[in-house]
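Read off the chains here:
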Amino acid sequence: QVQLVESGGGLVQPGGSLSLSCAASGRTFSSYTMGWFRQAPGKEREFVAAISRYSANTDYAGSVKGRFTISRDNAKNTVYLQMNSLKPEDTAVYSCAAKTGWVSAVFGNEYAYWGPGTQVTVSS
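Reference entry: report on the structure contained in this document. (Residues numbered from 1 in each chain as written. Predicted model: local features only at pLDDT ≥ 70, side-chain atom pairs only at ≥ 80, totals over all residues. Heavy atoms only, no water.)

Another point: the state of the cysteines. Inspection of the entire model under this criterion finds 1 disulfide. Here Cys 22 engages in a disulfide with Cys 96; their sulfurs sit 1.9 Å apart. What sets the handedness of the Cys 22 and Cys 96 disulfide is the S-S torsion sign, and at about 50° it is right-handed. Of this pair, Cys 22 sits in strand β3 (residues 18-24) while Cys 96 sits in strand β9 (residues 92-99), and the two are 74 residues apart along the sequence. Neither residue differs from the other here; Cys 22 and Cys 96 are each classed as buried. (Disulfide = S-S within 2.5 Å. Helix = DSSP H or I, 4+ residues; strand = E, 2+ residues; numbered from the N terminus. Buried < 20%, exposed > 50% of the residue type's maximum accessible area, 1.4 Å probe, protein only.)

Here you go:
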């Protein structure tokens, strides 16, 4: 079992940057594909980014490609999401999640473990 806790959310102006972290418990962090998802008020949860066990593969939603970067440090049991050039439409609760295998990494219902989420607000 994996427990996940996000940090790094907050209020940022449009065009600004924010870095999210997700710390995982347990000794098997490197066994999991890690993903970031977000949910804005009144909207469904959407895929943001995913990274495979040893960072060989990454995937991004089209809306964040070129602005967001996912990375992980297996020695620290942590996955990161660097968010640059933030837009008001990026405002949401961001959650990290863990799943086994890389296939279907964009689908939230494939993930077994979820963090509680951290709020990101992009506003002037």
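The next subject is the packing of aromatic side chains. The final tally for this structure, using the stated rule, is 5 aromatic pairs. For the pair Phe 37 and Trp 114, a centre-to-centre distance of 5.1 Å together with 55° between the ring planes defines the contact as tilted. Note that Phe 37 is positioned in strand β4 (residues 33-39) and Trp 114 in strand β10 (residues 113-114), a separation of 77 residues in sequence. Its relative accessible area of 2% is what places Phe 37 among the buried residues. The positively charged end of Arg 45 is found above the aromatic ring belonging to Phe 37, 5.9 Å away from the centroid. (Phe/Tyr/Trp six-rings, centres within 6.5 Å; stacked < 30°, edge-to-face > 60°. Lys NZ or Arg CZ within 6 Å of the ring centre and 35° of its normal.)

Before going further, it helps to spend a moment on the side chain of Thr 78. As for its position among the elements, Thr 78 is in strand β8 (residues 78-83). The exposure class of Thr 78 is buried, given its relative accessible area of 10%. Within the structure, the side chain of Thr 78 is placed 2.8 Å from the backbone oxygen of Lys 76, a separation counted as a polar contact. Setting aside anything within four residues of it in sequence, one finds Thr 78 in contact with Ser 21, Cys 22, Ala 23, Phe 29, Arg 72 and Asp 73. (Polar contact = N/O pair within 3.5 Å; in protein donor to acceptor, adjacent residues only side chain to side chain. Contact = heavy atoms within 4.5 Å.)

Below, the discussion takes up the pairing of β4. Here β4 lies mainly inside the structure; 6 of its 7 residues are buried. Of the strand pairs in this sheet, β4 and β9 are connected by 7 bridges, and their pairing is antiparallel. Pairing of Trp 36 across the sheet is with Cys 96, part of β9. Between the end of β4 and the start of strand β5 (residues 46-51), which pair antiparallel, lie 6 residues, with Gly 42 showing a positive phi angle near 75°. (Pairing = 2+ DSSP bridges.)

Another point: the pattern of salt bridges. Any two side chains of opposite charge can pair, on the condition that their charged atoms come close. Counted according to the given criterion, the structure contains 3 salt bridges. The salt bridge partner of Arg 38 is Asp 90, with a shortest N-O separation of 2.9 Å. Note that Arg 38 is positioned in strand β4 and Asp 90 in the loop between β8 and β9, a separation of 52 residues in sequence. The buried category is assigned to Arg 38, whose relative accessible area is 6%. (Salt bridge = Lys/Arg side-chain N within 4 Å of Asp/Glu carboxyl O.)

On to unusual backbone geometry, then. Even without being glycine, Ser 55 reaches a positive phi, approximately 70°. Examined against the element boundaries, Ser 55 turns out to sit in the loop between β5 and β6 (58-60). Using a relative accessible area of 35% as the deciding quantity, one classes Ser 55 as partly exposed.

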